[in-house]
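Residues per chain are reported as follows:
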Amino acid sequence: MRKYNLLFFIFLVIIHLVSCSKDDRSETRSGEEAIHKIRFKEVAYVTGGTVATVGQNTVTDLHGYLFKDSVLRKVYPDLTLNAEGICAIEVIRSKDAHLYFLANITGLADANFEVDAMTERDFLNVATIEGSGPSVSQSFMTGMLDISLITELEPEVLLTRGFARMDIHISADEQVSVEGVEIENLAKSSYLFAHMPVVSPDGATKGKFEMTYASGISHTYEGVCYLYEQPGGQTVVLETRVQGVKN
């Protein structure tokens, strides 16, 4: 009788150990289905799409928005990045899920989005609050991850700047200087996320950029102005001197 009791006890212990082993494997699988870290990189201004690591001084505020089945399900407010541009965040991998990011939009857009009410379509059509024009001091950026396609443990998000920078490039051996720049018919607002084809928000008003350079620009000058995404139709006038002759 004792022999049978001992065998029964050993049998129960084996069952318990097998059960625990299965639970441990299940938890491991569950952990692999979650994203715990995301690395952010920004698209630089230079031609060719050179990518630079995001620095702490570049992103002043960063928020995440998780959409499942085209509806906002969760907001990740006030995300922080370390010096390498890595953010600690937990997102469960699932089908039909997109994770969007907005950086540096404080004061530029109304970001009070209601969970379980905001649709993905409406979210992608949010526009900046109309102003005189974009400023380098508020370089807002956007990014997106298709959760259903992510296989990496530490996926990477490219943050795209919400406006373009206009530069002047003058070769050192050219006797040319720019004394003034004027651009008319510029949109004063844009969508946060790029649209294809490019279009401005309905009702967006137009403005004018005008700058005079007393001593003239005779070399490469970066950041003449910053322009929102918008279709063509602008008029650009450069006031220059070529070999001393005003044009």
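Everything numeric in this text was worked out from a predicted model, so none of it was measured.

Cut-offs used in this document
- Residues numbered from 1 in each chain as written.
- Predicted model: local features only at pLDDT ≥ 70, side-chain atom pairs only at ≥ 80, totals over all residues.
- Heavy atoms only, no water.
- Core = buried A, V, L, I, M, F, W, Y, C linked by side-chain atoms within 4.5 Å.
- Buried < 20%, exposed > 50% of the residue type's maximum accessible area, 1.4 Å probe, protein only.
- Helix = DSSP H or I, 4+ residues; strand = E, 2+ residues; numbered from the N terminus.
- Contact = heavy atoms within 4.5 Å.
- Pairing = 2+ DSSP bridges.
- Polar contact = N/O pair within 3.5 Å; in protein donor to acceptor, adjacent residues only side chain to side chain.

### Re the nonpolar core
- Ranked by size, the top nonpolar core spans 22 residues in total, and within it Ile38, Phe40, Ile89, Leu99 and Phe101 carry the most contacts.
- At the level of secondary structure, the elements contributing two or more residues to this core comprise strand S1 (34-43), strand S3 (62-68), strand S5 (86-92), strand S6 (97-103), strand S7 (141-146) and strand S8 (156-161).
- Leu99 has contacts with Ile38, Tyr65, Leu66, Tyr76, Ile89, Val91, Gly143, Met144, Leu145 and Ile147, leaving out every residue within four places of it along the chain.
- Residues Leu72, Ala109, Phe123 and Leu192 belong to the second largest nonpolar core, which totals 18 residues.

### Side note on the pairing of S8
- A one-sided burial pattern is seen for S8, the buried positions being Val157, Leu159 and Arg161 and the unburied ones Glu156, Leu158 and Thr160.
- In terms of strand pairing, S1 meets S8 through 4 bridges, oriented parallel. Counterpart to Arg39 in the pairing with S8 is Glu156.
- Both S7 and S8 contribute to a ladder of 2 bridges, which runs antiparallel. Bridged to Thr142 within S8 is Thr160.

### Regarding the side chain of Glu179
- Examined against the element boundaries, Glu179 turns out to sit in strand S10 (residues 176-187).
- Here Arg241 takes part through its side chain, which lies 2.6 Å from a polar atom of the side chain of Glu179.
- Ignoring sequence-local partners within four residues, the contact set of Glu179 consists of Met211, Thr212, Tyr213, Gly216, Glu239, Thr240, Arg241 and Lys246.

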